[in-house]
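Per-entry structural report
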Amino acid sequence: MNKKWIGYAIAILLIGSMIVVMVKSNLDKPEVIDTASTKTMSKSTAGLEQGDTPPDFELETLAGDKVRLSELKGKKVILNFWATWCPPCKAEMPHMENYYKNLKPEDNVELISVNLTTAENRGVKAVEEFVDAYELTFPILLDTEELGMTDYKVFSIPTTYILGTDGTIDNQIVGPMDEEMMEQLVKDVE
């Protein structure tokens with residue numbers, strides 16, 4: 001084997017090792033999110049508006065349980081729409097997991113994460129692999145009916161609606177959120 005091929009082999013091994021280290025480090029800690037580019041609801045926001053009652057739905061979780069949005073009335077709800085292939089969604093998920101793990105019953109908050117399953121190339125299998133890789137413990141709902149895109153007008157992901165205890169929309173966030181932002185948004189809701 002000549003020196004040229006040995007050099008190529010070493011370069012490939014180095015690049016491969018660097019990729020493995022980068023992926024592992026991204027899975028180990030939440031990415032810092034620049035929330036300055038995240039947009040909150042304004043009169044010009046497309047989709048549902050502040051004060052609207054969002055369309056009701058019943059979706060199945062990865063675990064096979066059914067969740068009906070209207071049954072959560074009386075609680076503050078973080079309703080997040082996302083996909084596995086979306087880089088800002090990937091950045092947001094560890095923050096959502098940390099937020100979820102720190103919720104207490106007296107917070108009166110439900111985190112509802114809706115995967116846009118019809119937008120996934122490999123469907124539910126991609127979602128299962130993503131949940132395992134990110135070690136997510138909060139319920140993941142599967143949108144197999146394009147509810148997010150049709151009823152909720154979700155054209156950019158992640159998109160999150162914050163619902164008040166009366167079941168109406170308090171805010172819409174287009175872009176990723178971190179734990180601090182979620183805490184503040186929920187704190188500001190009645």
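These figures come from a predicted structure and were not determined experimentally.

What counts and how
- Residues numbered from 1 in each chain as written.
- Predicted model: local features only at pLDDT ≥ 70, side-chain atom pairs only at ≥ 80, totals over all residues.
- Heavy atoms only, no water.
- Helix = DSSP H or I, 4+ residues; strand = E, 2+ residues; numbered from the N terminus.
- Buried < 20%, exposed > 50% of the residue type's maximum accessible area, 1.4 Å probe, protein only.
- Contact = heavy atoms within 4.5 Å.
- Areas by Shrake-Rupley, 256 points an atom, 1.4 Å probe, with all protein chains shown as cover.
- Core = buried A, V, L, I, M, F, W, Y, C linked by side-chain atoms within 4.5 Å.
- Salt bridge = Lys/Arg side-chain N within 4 Å of Asp/Glu carboxyl O.

A few words on the overall build of the chain. When helices and strands are counted, the chain shows five helices and eight strands. Helices (α) and strands (β) of the chain occur, in sequence order from the N terminus, as α-β-β-β-β-α-β-α-β-α-β-β-α. Relative to its full complement of 190 residues, the chain shows a buried share of 42%. Contacts in the chain between residues at least 24 apart in sequence constitute 74% of all its contacts with a sequence separation of at least 6. Accessible surface for the chain amounts to roughly 10900 Å². Of this, 54% is attributable to carbon and sulfur atoms.

If you look at the biggest cluster of nonpolar residues, it comprises 45 residues, and the most contacted ones within it are Ile78, Leu79 and Tyr152. Those elements that place two or more of their residues in this core are strand 4 (76-82), helix 2 (87-101), strand 5 (109-115), helix 3 (123-134), strand 6 (140-142), strand 7 (159-163), strand 8 (169-174) and helix 5 (179-187). If near-sequence neighbours (up to four positions away) are discounted, Leu79 is found in contact with Phe57, Leu69, Ile112, Val114, Tyr152, Thr159, Thr160 and Tyr161.

So, about the pattern of salt bridges. Evaluation of the coordinates by the stated rule reveals seven salt bridges. A salt bridge links Asp56 to Arg68; the nearest nitrogen and oxygen atoms lie 3.2 Å apart. Pair noted here: Asp56 is in the loop between strand 1 (39-40) and strand 2 (58-61) and Arg68 is in strand 3 (residues 66-68), with a separation of twelve residues, a long-range link. Under the relative-accessibility criterion, Asp56 is labelled partly exposed at 36%. Judged by its relative accessible area of 29%, Arg68 is partly exposed. Between Glu58 and Arg68 there is a salt bridge, with the nearest N and O atoms lying 3.6 Å from each other. One end of the pair, Glu58, is in strand 2; the other, Arg68, is in strand 3, with ten residues separating them in the sequence. Of the residues examined, Glu58 reaches a relative accessible area of 40% and is grouped as partly exposed. Residues joined in a network through salt bridges with shared partners are Asp56, Glu58 and Arg68.

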